[in-house]
Amino acid sequence: MTLAGKTILMSGGSRGIGLAIALRAAADGANIAMLAKTDTPHPKLEGTVHTAADAVRAAGGQALPIVGDVRDDSQVTEAVMKTQGEFGGIDIVINNASVIDLSRSLDLSAKKYDLMQDVNVRGTFMLSRAAVPVLRESANPHILSLSPPLNLSPKWLGAHTGYTLAKYGMTMATLGLAAEFADAGIAANTLWPRTTIATAAVQNLLGGDRVMAASRTADIYADAAYAVITKPAATYTGQTLIVEDVLAADGVTDFSKYAAVPGTSDDRLFPDIFLD
């Protein structure tokens, strides 16, 4: 199964992992609609929803950049309608938009706590829910959220409680949708990497150049996401998946090509959070 002619509606996607997933799908000739806020260049971050759309087209796909906020219900509804109107349907929803703040509880502002809940949890639920009536018409409908398995170890529950709640909330919403719409044949899964991924968030928030050099590229996430959303939706659902495990199940045994710094051995890579 390929993504040729399939339509993806993604939250975010202007850069990083979301864009890598979009480009992987575009190589098949997929249609990519991106609901993102970045309309004009950010002083510290590369890419806008428009440059991402240009990259999708250059990679062989069709693109629909939608400037909007996943926190705004009317804009979410409009994004679903625009995508359906432009491409005739929606086959896949990817919940990529996410806010990260690893502050300890006493240092986390109420405003940032609310932002993480609104984008990560509420945004995932509302975008997925709004798309369900259209997904029902797809031959192989998938919802994929970029969030971790539910690890209830005190190590992770107490590390950054506000962020942990927001990311686990994404996962719980996704697993709930998987159960609720199983009879409709709509798959819903989550996907999370075993190592850090070389993105702006890692550069700016998790350790700078040192951790970037010990990370894998976003291509590994993109290849695993592609593997998930091309699986049969009726049977491949309700799972909290790990990037490397998905690829290994498809026969990939050598991950060296994904090292951000070529030649970095697997044992020198930095482990991602939420995994023991």
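For the structure itself, look to the data block above.
My aim in this report is to walk through the structure given alongside it, one point at a time. What you see is a predicted model; the values in this text were computed from it and never measured.

Reading the values: rules and limits
- Residues numbered from 1 in each chain as written.
- Predicted model: local features only at pLDDT ≥ 70, side-chain atom pairs only at ≥ 80, totals over all residues.
- Heavy atoms only, no water.
- Helix = DSSP H or I, 4+ residues; strand = E, 2+ residues; numbered from the N terminus.
- Buried < 20%, exposed > 50% of the residue type's maximum accessible area, 1.4 Å probe, protein only.
- 1 Å grid on protein atoms, 1.4 Å probe; cavity = no way out; pocket = protein on both sides within 12 Å on 5 of 7 lines; lining within 4 Å.
- Points joined across faces, edges and corners; volume = space filled by probe spheres on them.
- Nonpolar A, V, L, I, M, F, W, Y, C, P; charged D, E, K, R; others polar.
- Expected span 1.5 Å × (residues − 1).
- Contact = heavy atoms within 4.5 Å.
- Core = buried A, V, L, I, M, F, W, Y, C linked by side-chain atoms within 4.5 Å.
- Axes fitted to C-alpha atoms, helices over the stretch in contact; angles between N-to-C directions.
- Parallel < 35°, antiparallel > 145°, perpendicular 65-115°, else oblique.
- Left-handed = near helix turned anticlockwise from the far one by under 90°.
- Right-handed = clockwise from strand over helix to strand, strands pointing away.
- Pairing = 2+ DSSP bridges.

### Points about unusual backbone geometry
At step 1: If you check the backbone angles, Phe274 has positive phi at about 80° while not being a glycine.
At step 2: If you trace the backbone, Phe274 turns up in the segment after α10 (243-249).
At step 3: Here Phe274 falls in the buried class, since its relative accessible area comes to 0%.

### Observations regarding the layout of surface pockets
At step 1: By volume, the largest pocket is sized at about 1400 Å³.
At step 2: Contributing elements (two or more residues each) for the lining of the largest pocket: α1 (16-26), β2 (31-36), α4 (110-135), α6 (161-180) and α7 (200-206).
At step 3: Among the elements that line the lining of the largest pocket, the one with the most residues is α7, at six residues.
At step 4: Here the residues of the lining of the largest pocket sort into 23 nonpolar, 15 polar and eight charged.

### Observations concerning helix α3 (residues 73-87)
At step 1: Spanning 15 residues, α3 covers 21 Å between terminal C-alpha atoms, matching the ideal 21 Å at 1.5 Å per step.
At step 2: Buried residues belonging to α3 abut β1 (7-11), β2, β3 (62-67) and α4.

### Digging into the nonpolar core
At step 1: Counting residues in hydrophobic clusters, the biggest one holds 81 residues, and the most contacted among them are Ile8 and Leu191.
At step 2: Leave out the neighbours within four places in its chain, and Ile8 touches Leu3, Ala25, Asn31, Ile32, Ala33, Ile92, Ile94 and Ile229.

### Let's talk about the packing of α1 against helix α9 (residues 218-229)
At step 1: Look at α1 against α9: their axes get within 8 Å of each other, and the N-to-C directions meet at 50°. Overall, the two elements α1 and α9 adopt an arrangement that is oblique. Viewed along their axes, α1 and α9 form a crossing whose handedness is right-handed. On the side of α1, the interface is formed by Gly16, Ile17, Ala20, Ile21 and Arg24, while α9 contributes Ala218, Asp219, Tyr221, Ala222, Asp223, Ala225 and Tyr226.
At step 2: A breakdown of the residues in the contact of α1 with α9 according to their chemical character gives eight nonpolar, one polar and three charged.

### Some details on the pairing of β1
At step 1: Within β1, five of the five residues are buried, which leaves the element mostly enclosed by the surrounding structure.
At step 2: By the alternation rule, side chains of β1 split into Thr7, Leu9 and Ser11 and Ile8 and Met10, which are all buried.
At step 3: In the classification by handedness, the crossover that spans β1, the intervening α1 and the parallel β2 is right-handed.
At step 4: Direction of pairing for β1 relative to strand β4 (residues 92-95): parallel, over a ladder of four bridges. Looking at the pairing, Ile8 lines up with Ile92 of β4.

### Side note on the packing of α3 against α4
At step 1: Interaxial distance between α3 and α4 falls to 10 Å at its minimum, and their mutual angle equals 35°. In the crossing of α3 with α4, the sense of the turn from one axis to the other is right-handed. In contact with Asp73, Val76, Val80 and Gln84 of α3, α4 contributes Arg122, Met126, Leu127, Ala130, Ala131 and Val134.
At step 2: Its residues assigned to classes, the contact of α3 with α4 comprises seven nonpolar, one polar and two charged.

### What about the sheet that holds β3?
At step 1: The strand order β3-β2-β1-β4-β5-β6-β7 describes an open sheet built from seven strands, whose pairing is parallel. Looking at the sheet topology across the chains shown, the edges are occupied by β3 and β7 (240-242). Between one strand axis and the next, the sheet turns by 20° as a mean value, whatever way the strands run.
At step 2: In this fold α4 packs onto β1, β4 and β5 (142-145), with an angle of close to 180° to the strand it touches most, β4.

Distances and angles like these do not, on their own, reveal function.
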